[in-house]
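Examination of the molecular architecture
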Amino acid sequence: MNAALELHGIAKRFGATRVLRGVDLSVARGERHALIGPNGAGKSTLFDLISGRTRPDEGRIVVAGRDMTGKPPRRVSRVLARSFQTTSVFGGLSVLDNLRCAALGAASSRFVDRWLPSRKIDERAHAMLDAIGLAERADEPAARLAYAEQRALDLGIALATDAPLLLLDEPTAGMNRAEAARALALLRATTEGRTLLVIEHDMDAVFGLADRISVLVQGRVIATGAPAAIRANRDVQEAYLGGVAP
Ligand SMILES: Nc1ncnc2c1ncn2[C@@H]1O[C@H](COP(=O)(O)OP(=O)(O)OP(=O)(O)O)[C@@H](O)[C@H]1O
Ligand SMILES: [Mg+2]
């Protein structure tokens, strides 16, 4: 069993609205997998289900071979880290302390019976600080960073947890083209060898990052495959050209 994440027949409704209608998805270990789809397709809802914020009405969520369906976030957070569509840094804490918190939080939740010395936490935070290119801003309050830098810090926080599976919800949301390109390059450099499920609207944006892409349209995965195959896929083209495109 090699999959980092398996979703089987996930369904979710809010009142009368069926948001997810039987989603099957598999992310292999070490794979960078992009989930694309138009506004309201159900992408963030799927992340809420995977990370235990809400429960599916139907279906099974398996992370690294363990059934996580309906498990609370504190359990699920031992096996995955998630960043949100909006920034979630501690504005009053320094950039470095944000990363220390992430490393510490992950260490204490995952290694309940294994003490991780503060030196190790510090090392991990500093390594991440360098990786996201914010070493010169280490001691500044995170609130003083520019928006794109805060998103880089969001990424650093997710990475600093060292979780085996990363879920990133639109890490380039709200950025201009140049910022988004830089953010994607950073993402490519920092997630080499990690297992990643990343939400994006834009197929072009993830083309150079993803090993595989899944396309969610109106609560269903209509195609999964290598980027070139997805781009050439008739159903995908129709979904994107047929009026539901972002
Ligand atoms: N808690 C909720 N209660 C009711 N409806 C909800 C709730 N959360 C999401 N929805 C609805 O579910 C649908 C899917 O929302 P979701 O946020 O998952 O889409 P998305 O693919 O992430 O879209 P976007 O690209 O805009 O972020 C939308 O129609 C939304 O209004
Ligand atoms: Mg969303």
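Predicted model only: the values in this text are computed from it and were never measured.

It is worth spelling out the pairing of strand S3 (residues 32-36) at this point. Of all the five residues making up S3, five are buried; the element is thus mostly covered by neighbouring parts of the structure. Burial of the side chains of S3 extends over both faces: Arg 32, Ala 34 and Ile 36 are buried on one face and His 33 and Leu 35 on the other. Two strands pair when backbone bridges link them, and S3 and strand S8 (residues 195-200) are joined in this way by five bridges, in the parallel orientation. Of the residues in S8, the one forming a bridge with Arg 32 is Leu 196. Taken together, the four bridges between S3 and strand S9 (residues 212-217) define a ladder with parallel strand orientation. Following the sheet pairing, Ala 34 is matched in S9 by Ile 213.

A word on the site of ligand 1. Contacts to ligand 1 come from 13 residues, most closely from Asn 39, Gly 40, Lys 43, Thr 45 and His 201. Here an oxygen atom of ligand 1 sits 3.2 Å away from a polar atom, N or O, in the main chain of Ala 41. In this structure, Thr 45 approaches ligand 1 through a side-chain N or O atom, which is 2.5 Å from an oxygen atom. A total of three residues in the shell around ligand 1 trace back to one element, the largest contributor, which is helix H1 (residues 43-50). Looking at the shell around ligand 1 residue by residue, the class counts come to four nonpolar, seven polar and two charged.

This paragraph deals with the domain arrangement of the protein. As far as domains go, the protein holds domain 1 (1-79 + 164-171 + 196-245) and domain 2 (86-162). One C-alpha centre belongs to domain 1, the other to domain 2, and the line joining them spans 26 Å. Contacts between the two partners involve eight residues from domain 1, matched on the other side by seven residues from domain 2. At the boundary of domain 1 with domain 2, total buried surface from both sides reaches about 600 Å², with 56% on carbon and sulfur atoms. Of all residues in domain 1, Arg 78, Leu 166 and Leu 168 bury the most surface against domain 2, accounting for 60% of the area lost on that side. Counting across the interface, domain 1 meets domain 2 through zero residue pairs in polar contact (both at pLDDT 80 or more).

Definitions and cut-offs
- Residues numbered from 1 in each chain as written.
- Chains lettered and ligands numbered in written order.
- Predicted model: local features only at pLDDT ≥ 70, side-chain atom pairs only at ≥ 80, totals over all residues.
- Heavy atoms only, no water.
- Buried < 20%, exposed > 50% of the residue type's maximum accessible area, 1.4 Å probe, protein only.
- Helix = DSSP H or I, 4+ residues; strand = E, 2+ residues; numbered from the N terminus.
- Pairing = 2+ DSSP bridges.
- Near = heavy atom within 4 Å.
- Polar contact = N/O pair within 3.5 Å; in protein donor to acceptor, adjacent residues only side chain to side chain.
- Nonpolar A, V, L, I, M, F, W, Y, C, P; charged D, E, K, R; others polar.
- Domains from an automatic or database assignment.
- Contact = heavy atoms within 4.5 Å.
- Buried area = accessible area lost by both parts, 1.4 Å probe.

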